[in-house]
Amino acid sequence: KQWYQRRVAITAGDILLDKFPLCVEWLSFDAGDQEEIEGDRAPGNYIALGCMSPLIEIWDIDIVDTSEPVAVLGQRLKHSKNNPKVGKKVRSDAVMSLSWNKLTQNIIASGSADCSILLWDLETGSAKECLTHHKDKVQTLCWHLAEGTTLLSGGYDNTCQVTDCRTKNSKSWTVDGEVEHLMWDVSNPFSFLAGTSNGSALCIDIRQEKPLYTIAAHDNEVSGLAMTKQIPGLLATCSADRTVKVWQISDNRPSCVTSRAFPEAGSLHCLSFCPDYATMLAIGALEGGLLMWDIASNKEFREAFNHPAVDGS
């Protein structure tokens, strides 16, 4: 319960929630009631929240002191006259993962503890497809960066799956533990990276049957993976072991460049590079909230990637 309470404080900001979120996804697509939208939908600033209930809430985070979401996928809002027709494509358990499709922006995918993946149409609030190839809870999802119909998923069944959502055909790889986090390789459209509950980080080429490499990355689960297009070959990982590690993975020959411990932060849950400042890492922590680390201040990183020094380093 303590973890969920802190998670609300970190992710919700000034939004008061009546339930504990399990996953959060930012999106710019306006999923509000079509009857209340005049003209075309304008891009906005929203977050989708998955909770212990089967519903997905969409909140407008530009609205100050908002008291209710602009949409709830799977349920009709009180002020809406339309009831989303989810039919048989409705889940019965917690929403554990979300991924917004940046190429087909009215689509968001959700993974559930009931082992299913639903593809939601944000314009209508209804689930259009249900994928059932996982045999256990679906922990992580990620749409392909260039192919808007290709979805990457990972679950408690120790598998990573790549699915063509047009045909529902999927390809599966078995890994050494539960899949904690997935991401597509930003420099190779045929590869993705996976972090597992056993502390491994793997790189898999979807054209091959076996991983390109496997790293014994951490002592506990690998909860976060991050790359940036601005620095090829750079990978960062974080873990419940309270450390962040920086890797050089060029030519599929991974090596650890440097690491940093955050002993007061508790478990580290996620991390991401700043899109406008390539060496700045944002790290989500159990105890420390949002942490920042400019890896350019590290000498080993600068030498490995031939990166200029920052002021004061």
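Residues numbered from 1 in each chain as written. Predicted model: local features only at pLDDT ≥ 70, side-chain atom pairs only at ≥ 80, totals over all residues. Heavy atoms only, no water.

Peer 1: Can you tell me about the overall build of the protein, naming the residues and giving the values?
Peer 2: Regarding its fold elements, the protein presents 2 helices and 23 strands. A total of 313 residues make up the protein; the buried ones form 53% of that total. At a minimum sequence separation of 6, the contacts of the protein that also span at least 24 residues come to 41%. Only carbon and sulfur atoms are counted for the fraction: they give 47% of the accessible area of the protein, which is about 15000 Å². (Helix = DSSP H or I, 4+ residues; strand = E, 2+ residues; numbered from the N terminus. Buried < 20%, exposed > 50% of the residue type's maximum accessible area, 1.4 Å probe, protein only. Contact = heavy atoms within 4.5 Å. Areas by Shrake-Rupley, 256 points an atom, 1.4 Å probe, with all protein chains shown as cover.)

Peer 1: Run through the confidence of the model for the protein, naming residues and quoting values.
Peer 2: Per-residue confidence for the protein gives a mean pLDDT of 88, with 87% of residues at or over 70. Contacts for the low-pLDDT stretch residues 1-12, under 50 throughout, to residues beyond four places or in other chains number 28 contacts. Note that pLDDT drops below 50 for residues 76-88; the model gives that stretch 26 contacts with residues more than four away or on any other chain. (pLDDT = per-residue confidence, 0-100.)

Peer 1: For the pairing of strand S6 (residues 107-112), give the residues involved together with the corresponding values.
Peer 2: Of all 6 residues that make up S6, 6 are buried, and the element is covered over most of its length. Neither face of S6 is left uncovered, since the one carrying Ile-107, Ala-109 and Gly-111 and the one carrying Ile-108, Ser-110 and Ser-112 both have all their residues buried. The pairing of strand S5 (residues 95-100) with S6 spans 5 bridges and is classified as antiparallel. Pairing of Ser-99 across the sheet is with Ala-109, part of S6. In the sheet, S6 pairs with strand S7 (residues 117-121) via 5 bridges, with the strands oriented antiparallel. Its bridge partner being in S7, Ile-107 is matched across the sheet by Asp-121. Here S6 folds back onto S7 in antiparallel fashion, the turn holding 4 residues, of which Cys-115 has a positive phi close to 80°. (Pairing = 2+ DSSP bridges.)

Peer 1: Describe the pattern of salt bridges, and please don't skip the residues or the numbers.
Peer 2: The full count for this structure, using the stated rule, is 5 salt bridges. For the salt bridge of Asp-136 with Lys-137, the shortest nitrogen-to-oxygen distance reads 3.9 Å. The partner of Arg-166 in a salt bridge is Asp-164, with the nearest N and O atoms 2.9 Å apart. The class of Arg-166 is exposed, set by a relative accessible area of 63%. (Salt bridge = Lys/Arg side-chain N within 4 Å of Asp/Glu carboxyl O.)

Peer 1: Any details on the nonpolar core? Residues and values, ideally.
Peer 2: With 24 residues, the main nonpolar core has Val-244, Leu-268, Leu-281, Ile-283 and Phe-301 as its most contacted residues. Going through the elements one at a time, strand S18 (234-239), strand S19 (243-248), strand S21 (268-274), strand S22 (277-285), strand S23 (289-294) and helix H2 (299-305) are the ones with two or more residues in this core. When residues in this core are grouped by element, the largest group, 4 residues, is from S22. In contact with Phe-301, other than residues within four places in its own chain, are Ile-231, Leu-234, Val-246, Val-257, Thr-279, Ile-295, Ala-296 and His-307. (Core = buried A, V, L, I, M, F, W, Y, C linked by side-chain atoms within 4.5 Å.)

Peer 1: Tell me about the environment of Ala-296, and name the residues and values.
Peer 2: Mapped onto the fold, Ala-296 is located in the loop between S23 and H2. Sequence separation between Ala-296 and Thr-279 is 17 residues; the distance between their C-alpha atoms is 5.8 Å.

Peer 1: I'd love a proper account of the pairing of strand S10 (residues 150-155), names of residues and values included.
Peer 2: Along S10, 6 of the 6 residues are buried, which leaves the element largely enclosed by surrounding structure. Judged by which residues are buried, S10 turns out to be covered on both faces: Thr-150, Leu-152 and Gly-154 on one side and Leu-151, Ser-153 and Gly-155 on the other are all buried. Examined bridge by bridge, strand S9 (residues 138-143) and S10 share 5 bridges and lie antiparallel to one another. Bridging from a neighbouring strand, Trp-143 pairs with Leu-151 of S10.

Peer 1: Can you lay out unusual backbone geometry for me, pointing to particular residues and giving the numbers?
Peer 2: For Asn-158, which is not a glycine, the phi torsion comes out positive at approximately 65°. Mapped onto the fold, Asn-158 is located in the loop between S10 and strand S11 (159-164). Look at Asn-158 and you get partly exposed, because its relative accessible area is 25%. Unlike most non-glycine residues, Asn-306 shows phi in positive territory, near 50°. Tracing the sequence through the fold places Asn-306 in the segment after H2.

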